[in-house]
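Topology and contacts: notes
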Amino acid sequence: MDSYRRGLAAYERGRFEEAACFFSQAIAAGEQVAPSLAKRGVCWLRTGNREAARHDFEAALVADARCLPALVNLGNLSLEAGNLDEAQDCYERALRIDATYALAHHNLGVVYRKRGNLAASIRELRLAARYEGLPHAARRRLAWWKRR
């Protein structure tokens, strides 16, 4: 089993530090670099290291500017910090790459709600609900991860 898959297995078991080590090995070996960086960033979030997480999400986007999980997670960090403009930009960038990415629609809906734009918020939340269950959207995201 390659390091990336071992990292995913450790992540699924909630062993985030172990998973981060496997993702680091995958990155060093050139295996699925952008997905490994994005997933390691989530591990850092789970262990409380927000700066390392931000660094990994940004590095994932350098490796692959279309890495949706990195974009959405950067948006989440910005949203949590109260930087709505930055968060909105990240979510909109993700949606320009994949208009069916439900999580980006959902989080954009949260931004609109915080801005007081209830109509836009509802529209985005409805789109998120609509796309969440679509098998073709899931297949497209799975195909992206497999290409990496």
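Provided above is the structure to which this section pertains.
Scope of this entry: the structure provided in the associated data block. In this text, all values refer to a predicted model and were calculated from it rather than measured experimentally.

Turning to its location among the elements, Arg40 is positioned in helix H3 (residues 33–46). Arg40 sits in the buried class, given a relative accessible area of 15%. Aside from chain neighbours lying at most four places away, what touches Arg40 is Ala20, Phe23, Ser24, Ile27 and Asp56.

On inspection of all chains with the given rule, the structure shows 8 salt bridges. A salt bridge links Asp85 to Arg115, with the shortest nitrogen-to-oxygen separation between them at 2.6 Å. Here Asp85, found in helix H6 (residues 84–97), pairs with Arg115, found in helix H7 (residues 102–115); they are 30 residues apart in sequence, far enough to count as distant. On the basis of relative accessibility, which here comes to 55%, the residue Asp85 falls in the exposed class. Each of Arg13, Arg15 and Glu18 takes part in salt bridges that share partners, so that together they form one network.

Quick notes on the rules
- Residues numbered from 1 in each chain as written.
- Predicted model: local features only at pLDDT ≥ 70, side-chain atom pairs only at ≥ 80, totals over all residues.
- Heavy atoms only, no water.
- Helix = DSSP H or I, 4+ residues; strand = E, 2+ residues; numbered from the N terminus.
- Buried < 20%, exposed > 50% of the residue type's maximum accessible area, 1.4 Å probe, protein only.
- Contact = heavy atoms within 4.5 Å.
- Salt bridge = Lys/Arg side-chain N within 4 Å of Asp/Glu carboxyl O.

Don't take any of this as a statement about function, it's just geometry.
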